[in-house]
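Commentary on secondary and tertiary structure
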Amino acid sequence: HCLNVINEDAGGYTFVSKQLAQIQAAIAAHPAAIILWTTDPTAVDAEVAKARAAGIKVLGFVAPPTGPTNATVSGNWEIDGGLMMKAIAKKIGAKGDVLAIWGGAGGSYQAGLEAGANTALKSYPNIHLTTKTIAAFSPGDVQPLVQNQLTADPKLKGVILSIAGMASGAFPAINKAHDQGK
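These remarks concern the structure in this document. Along each chain, residue indices are assigned from 1 in the same order as the chain's sequence is written. With pLDDT at 70 or above as the cut-off, local features in this predicted model cover only qualifying residues; side-chain atom pairs require 80 or more to be listed or tallied, and sums for whole chains, interfaces and linings still use all residues. The basis for every side-chain value is the complete set of non-hydrogen atoms in the structure, without hydrogens or water.

1. Comments concerning the environment of G103
- Helix numbers and strand numbers start at the N terminus; a helix is a DSSP run of H or I with at least 4 residues, a strand a run of E with at least 2. Along the polypeptide, G103 turns up in strand β4 (residues 96-103).
- Think of it in three bands: with a 1.4 Å probe and only protein chains considered, a residue is buried below 20% of the maximum accessible area for its type, exposed above 50%, and partly exposed in between. Overall, G103 belongs to the buried group, its relative accessible area being 0%.
- Here the alpha-carbon distance between G103 and G67, two residues 36 residues apart in the chain, equals 24 Å.
- Any pair of residues with heavy atoms lying within 4.5 Å of one another is described as a contacting pair. G103 has contacts with Q110, I134, A136, F137, S162 and M166, leaving out every residue within four places of it along the chain.

2. Some points on the side chain of Q110
- The topology assignment puts Q110 in helix α4 (residues 108-121).
- The definition of a polar contact used here is a pair of N or O atoms within 3.5 Å, where within protein one atom must be able to donate a hydrogen and the other to accept one, and adjacent residues in sequence count solely through side-chain atom pairs. Only 2.5 Å separates the side chain of Q110 from the side chain of E114, close enough to count as a polar contact.
- For Q110, the contacting residues outside a window of four places in its chain are W102, G103, G104, A105 and T133.

3. Let's talk about the environment of V5
- Within the secondary structure, V5 sits in the segment before α1 (16-29).
- Using a relative accessible area of 63% as the deciding quantity, one classes V5 as exposed.
- Sequence spacing of V5 and P41 is 36 residues, and the spatial spacing of their C-alpha atoms is 22 Å.

4. Observations regarding the packing of helix α5 (residues 139-152) against helix α6 (residues 167-179)
- For helices, the fitted line uses only the C-alpha atoms of the stretch in contact; every axis is such a line through C-alpha atoms, and the angle between N-to-C directions lies from 0 to 180 degrees. Interhelical geometry of α5 versus α6 gives an angle of 30° and a closest axis separation of 6 Å. It follows that α5 is roughly parallel to α6 by the angle criterion. The chirality of how α5 crosses α6 is right-handed. Between α5, through P139, V142, Q143, V146, Q147 and L150, and α6, the contact on the second element is made entirely by S168, G169, A170, P172, A173, I174 and A177. Roughly parallel covers angles under 35 degrees, roughly antiparallel covers those over 145, roughly perpendicular covers 65 to 115, and oblique covers all other angles. For any helix crossing, the convention is left-handed if the near helix is rotated counterclockwise from the far helix by under a right angle, and right-handed if that rotation is clockwise.

5. What to know about the sheet that holds strand β5 (residues 127-134)
- For two strands to be treated as a pair, DSSP must find no fewer than two bridges joining them. Pairing is parallel across the open sheet formed by three strands, whose spatial order is β5-β4-β6. Every interior strand has two partners, whereas the edge strands, β5 and β6 (156-161), have only one. Taken pair by pair, the neighbouring strands of this sheet meet at an average axis angle of 20°, ignoring direction.
- α4 contacts β4 and β5 of the sheet and is inclined by roughly 175° relative to β5.

6. Here's the deal with the side chain of Q19
- Considering the arrangement of structural elements, one finds Q19 in helix α1.
- Sequence-distant contacts of Q19, defined by excluding residues within four places in its chain, comprise A10, L36, W37, T38, T39, D40 and V44.

7. Re the pairing of β4
- Where burial is concerned, most of β4 is hidden: eight out of the eight residues are buried.
- Looking at chain direction, β4 and β5 are connected through eight bridges and run parallel. Note that in β5 the partner of D97 across the bridge is H128.
- Here is how to tell: hold the view so the strands point away, follow the path from the first strand over the helix to the second, and if it runs clockwise the crossover is right-handed. The handedness of the β4 to β5 crossover, carried by α4, is right-handed.
- As paired strands, β4 and β6 are joined by five bridges and run parallel to one another. Bridge assignment links A100 to a residue of β6, and that residue is I160.

8. Focus on the pattern of salt bridges
- The salt bridge definition used is simple: a Lys or Arg side-chain nitrogen within 4 Å of an Asp or Glu carboxyl oxygen. Throughout the structure, instances matching the rule amount to one salt bridge.
- The closest approach of N and O atoms between E47 and K50, which form a salt bridge, is 3.1 Å. Taken together, the residues span about one helical turn, with E47 and K50 both in helix α2 (residues 45-53) at a distance of three residues.
- Residue classification places K50 among the partly exposed positions, given a relative accessible area of 47%.

9. Structural notes on the sheet that holds strand β2 (residues 57-61)
- The parallel open sheet is built from three strands, whose spatial order is β1-β2-β3. In the strand order of this sheet, the two ends are held by β1 (33-36) and β3 (71-73), each with one partner. Recorded for the sheet is a direction-independent mean angle of 20° between the axes of neighbouring strands.
- Two elements, β2 and β3, share three bridges in a ladder whose sense is parallel. Bridged to G60 within β3 is T72.

Purely geometric stuff here, so don't read any function into it on its own.
Printed below as a string of structure tokens:
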């Protein structure tokens, strides 16, 4: 038995038309299954229905389609956002300035992480949170945000990111600030 996986990335939640084209191409290739993290859970419903009508199994995850799928794997992103806030609060002694950069602007993943972090933040009155959102999860988009925040707020004590892959964009700015004694 062999599993052949082809990964397509639309580039973030704002690239709905690109994802629709990717789903159409996948349907034309008639794979056994499509695993889908949607750019827009409602916008993909018609294409998901076409895939299922063609006998292709559709598994929705993270931000699954709103319409029927063969299976859905998702989580409670508010819990995750709250855990992120609690972890950074513990690390900085529940006091100081924190920058949160949420990827997937406008998507359910970003909204859930942010809501959970904001709920947890209520337990930490001595933490000041600055929030930024970006369309994708690109380290290249993270670096200037961290650099700018460090310039505007040299007392910044922590950075929260949606996913670990974004961290490589934060490290250069943080290391530079550290080297400069900030």
